[in-house]
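# Observations on the three-dimensional arrangement
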Amino acid sequence: MAAVQETIDRVKEIDVDQYKYGFVTDIEMDLAPKGLSEDIVRFISAKKNEPEWLLEWRLDAYRRWLTMEAPDWSRVKYPPIDFQDLYYYAAPKSQDGPKSLDEVEPELLETYKKLGIPLQEQEILAGIAPENRIAVDAIFDSVSVVTTFREELAKSGVIFCPISEAVHSHPELVKKYLGSVVPVSDNYYSALNQAVFSDGSFVYIPEGVRCPMELSTYFRINEQNTGQFERTLIIAEKGAYVSYLEGCTAPQRDENQLHAAVVELITHDDAEIKYSTVQNWYPGNSEGKGGIYNFVTKRGDCRGKNSKISWTQVETGSAITWKYPSCILRGDNSVGEFYSIAISNGYQQLDSGTKMIHLGKNTTSRIVAKGIAAGNSESTYRGLVSAHRKATGARNHTQCDSLLIGNNCGAHTIPYVEANNASAVFEHEATTSKISEDQLFYCRSRGFTEEEAVALIVNGFVKDVIQKLPMEFAVEAQKLIAISLEGSVG
Amino acid sequence: MALLEIRNLHANIDGTKILNGVNLTVEAGKVHAIMGPNGSGKSTLSYILAGRDDYEITEGEILFKGQDLLDMEPEERAAAGVFLAMQYPVEIPGVANITFLRTALNAQRKARGEEEFSTPDFMKRLKILAQKLNVTQDMLKRPLNVGFSGGEKKRNEILQMAILEPVLCIMDETDSGLDIDALKIVSEGVNALRNPERGMLIITHYQRLLDHIKPDMVHVMYKGKIVAEGDKTLALELEKNGYAAFTADAA
């Protein structure tokens, strides 16, 4: 019964008026002047004491961004964003850079405690087996507050630190890889990110190393009218492996807030990166007021042969989500995966999917996308699968299922398939279903309340994807979405 | 007090009259069979008893253990001990059969204020009952009714009934689609559930099920009414002569 109860609680939670992470941390902030200009870009760069090349890189992006237009091809509607009415940098006053735990302000520690994010290494160590430990990089508005377990990770050669720090400590790596997957003019929001990105995580796994613990980054937007522009870069050298999870929340505010992140993943020969997202940004209230605009670019480059990148996402928050975690399958025999659960309720709008670009020989990709739409929400799956003319033996299987709850929501599936190689085998399956009256009645006649019955059916619907989440995050996933009870009865 | 009393029940669906004054009493410890030609309202009656809300009740009442059954939600009826083995059990993708069973049982127990079954206790009980009904481990692990054959679905309905231990067992054409062997297994499963506290209402077209599950009473339904009642010899008579005698009388 436990999981079903949790599911019901969770379904209530995603009732947009019951968002439980909506509190505000009252803390003195250091803000950049409002608005966007070259001066602001310079201001951010100077705040972070960046080298000249990085400032130039930002300015280049800013100048290109000025010539670009916001994309209008997605199935989401929102009034034009006034980019001059936003703050592009916000950091707790006490927090010029990442510190050790005892230097971090108590209000900040309290915030993460309330969010259930473990930052005290000692507490985490007590009673948890080493293989189940999770290292956390906690990002508050524009800066990283603290990164745990760094020394322990360093023992195996793993670098896990805020990207603003990596710029100084490992400039050669940052310079080599930053922007190498998502080029400067890739899209409107990625160019904006490149100009004003504030912080994010940097992960480097050396050759042959299996990262000894799960890594995670926890993003929190707190300040009003502030955009969060995180930049994450993960590199797995030959034969390396890492599993990484990101979580996101924001306070309940009437104004919309912008989150425009860029994530780049690189795998060399035989390496694997497993990237999981639990996105729970504030979705807005029941009338559709407020909430986060989540416009992110996530892309992985399977540069080496036999390498693998796997994206798993659980998307429940944000007023608008515009997000297509993708894989460039460059190395021969490389593998790309995308597993997604997207739940929309209230007036949420979601346009999400993936791109699998097959360039190398015998590359394979698999897409499983589950969309659940309720209330007045609109949910769109948009996916591209393409094979280059040299990508002989490319294979893709796409399964895309939508479940509708109620009569006022919509689900759409827009697949793009481009095969330039006759040997490519691409398969696409899509279903849209509604929870039927027959199913509901059947469950109720066996003793389930209507709510429990819905939860049970949703549980079943998302099961394949839930199973892809890292074990260590099973609890979090359970709280977040409907979970099958099957594991508990073996 | 009778376990179930249906008094002068009239019901419509989308303005079409289906039930036309049904009177029927089911006693605890007894097995009642309802027979009748297609479209006489037998399945409608079973759905109304289980709480399906597609029907408009225009007249009459249903008392279950003296309580107004029509006033209860389907899940309340289930917790109170009403069970309908359906003619067409629905599929629930992704939800393992065993999970469904255990969660349903505990939902009912919780609603009655009883303690939930622990997993080992539940598994022990399930193992014994599943074996009797020839429900394999594989069937328990598969998603509920997804890809089940007709016979598997029906055996599974009876397994649910055995696990949930209802007071009133309603079976809607449980015998349809069953071969002789499956019919025997299902009948044995049903017979094992017969006890002095439990009443059964079996809806069927054919006498052959009643060879295996001996009814105490047989009711003939036609045009939304019970038109004849008798003991099990009535079923044999129907088998021999058809419904003509009763349908002619009623018309």
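Just so it is clear, the model here is predicted, and its values are computed rather than measured. (Residues numbered from 1 in each chain as written. Chains lettered and ligands numbered in written order. Predicted model: local features only at pLDDT ≥ 70, side-chain atom pairs only at ≥ 80, totals over all residues. Heavy atoms only, no water.)

## Section: the environment of Gly 291 of chain A
Residues and elements named next belong to chain A. Assignment of secondary structure puts Gly 291 in strand E13 (residues 291-302). We classify Gly 291 as buried; its relative accessible area is 2%. Considering only alpha carbons, one finds Gly 291 and Cys 211, 80 residues apart in sequence, at a separation of 35 Å. (Helix = DSSP H or I, 4+ residues; strand = E, 2+ residues; numbered from the N terminus. Buried < 20%, exposed > 50% of the residue type's maximum accessible area, 1.4 Å probe, protein only.)

## Here's the deal with the pairing of strand E16 (residues 326-329) of chain A
All names here are of chain A. Here E16 shows two buried faces, one formed by Ser 326 and Ile 328 and the other by Cys 327 and Leu 329. Bridge count for E13 against E16 is four bridges, and the pairing is parallel. Across the sheet, Cys 302 pairs through a bridge with Leu 329, a residue of E16. As paired strands, E16 and strand E18 (residues 349-358) are joined by four bridges and run parallel to one another. Bridge pairing in E18 places Ile 328 opposite Ile 357. (Pairing = 2+ DSSP bridges.)

## Comments concerning the interface of chain B and chain A
Counting residues at the interface gives 40 residues for chain B, matched by 27 residues for chain A. Interface area, chain B with chain A, both sides summed: about 2700 Å², of which 62% is carbon and sulfur. Across the contact surface, chain B and chain A share four salt bridges. Measuring nitrogen to oxygen at the nearest pair gives 2.6 Å for the salt bridge that ties Glu 73 of chain B to Arg 444 of chain A. Joining chain B to chain A, the criterion identifies 10 residue pairs in polar contact (both at pLDDT 80 or more). (Contact = heavy atoms within 4.5 Å. Buried area = accessible area lost by both parts, 1.4 Å probe. Salt bridge = Lys/Arg side-chain N within 4 Å of Asp/Glu carboxyl O. Polar contact = N/O pair within 3.5 Å; in protein donor to acceptor, adjacent residues only side chain to side chain.)

## Regarding the confidence of the model for chain B
Averaged over every residue, the pLDDT of chain B is 93; the share at 70 or more is 98%. Across the whole predicted complex the pTM is 0.78, and at the interface the ipTM reaches 0.96. (pLDDT = per-residue confidence, 0-100.)

## With respect to the packing of aromatic side chains
All names here are of chain A. A complete count under the given rule lists 22 aromatic pairs over all chains for this structure. Each member of the aromatic cluster is reached from another via a ring pair, and the members are Tyr 62, Trp 65, Trp 73, Tyr 78, Phe 83, Tyr 188, Tyr 189, Tyr 293, Phe 295, Trp 322 and Tyr 324. Residue placement shows Arg 210 over the ring face of Tyr 241; its charged tip is 4.0 Å from the ring centre. Positioned above the aromatic ring of Tyr 442 is the side chain of Arg 446, whose terminal nitrogen or guanidinium carbon lies 4.7 Å from the ring centre. (Phe/Tyr/Trp six-rings, centres within 6.5 Å; stacked < 30°, edge-to-face > 60°. Lys NZ or Arg CZ within 6 Å of the ring centre and 35° of its normal.)

## Section: the packing of helix H2 (residues 38-47) of chain A against helix H3 (residues 52-66) of chain A
Residues and elements named next belong to chain A. Running from N to C, H2 and H3 cross one another at 155 degrees; their axes reach a closest spacing of 10 Å. With respect to their mutual orientation, H2 and H3 come out roughly antiparallel. Judged by the sense of rotation from one axis to the other, the crossing of H2 with H3 is right-handed. On H3, the residues touching Glu 38, Val 41, Arg 42, Ile 44 and Ser 45 of H2 are Leu 55, Arg 58, Leu 59, Tyr 62 and Arg 63. A breakdown of the residues in the contact of H2 with H3 according to their chemical character gives five nonpolar, one polar and four charged. (Axes fitted to C-alpha atoms, helices over the stretch in contact; angles between N-to-C directions. Parallel < 35°, antiparallel > 145°, perpendicular 65-115°, else oblique. Left-handed = near helix turned anticlockwise from the far one by under 90°. Nonpolar A, V, L, I, M, F, W, Y, C, P; charged D, E, K, R; others polar.)

## Focus on the sheet that holds strand E12 (residues 225-230) of chain B
Residues and elements named next belong to chain B. Strands sit in the order E6-E9-E10-E3-E11-E12 across an open sheet of six strands; the sheet is mixed. The sheet terminates laterally at strand E6 (82-85) and E12, the two strands that pair on one side only. Between one strand axis and the next, the sheet turns by 20 degrees as a mean value, whatever way the strands run. For strand E3 (residues 31-35) and strand E11 (residues 217-222), the ladder comprises four bridges, and the chain directions are parallel. By the bridge assignment for E11, Ile 34 is matched with His 219.

## A look at the side chain of Thr 363 of chain A
All names here are of chain A. Structurally, the position occupied by Thr 363 is in the loop between E18 and strand E19 (364-373). One polar contact links Thr 363 to His 358, side chain to side chain, over a distance of 2.9 Å. Excluding residues within four positions of it along the chain, Thr 363 makes contact with Leu 329, Gly 331, Asn 333, Ser 334, His 358, Gly 393, Ala 394 and Arg 395.

## Topic: the pattern of salt bridges
The full count for this structure, using the stated rule, is 32 salt bridges over all chains. Residues Glu 50 of chain A and Arg 58 of chain A are paired through a salt bridge, measuring 2.8 Å at the closest nitrogen-oxygen approach. Judged by relative accessible area, Arg 58 of chain A falls into the buried class, the value being 0%. Between Arg 64 of chain A and Asp 60 of chain A there is a salt bridge; the shortest N-O distance is 3.4 Å. In this pair, Arg 64 of chain A and Asp 60 of chain A are both assigned in helix H3, four residues apart and thus about one turn of the helix distant. A relative accessible area of 30% means that Asp 60 of chain A is categorised as partly exposed. One network of salt bridges, in which partners are shared, links Arg 444 and Glu 450 of chain A together with Glu 73 and Glu 75 of chain B.

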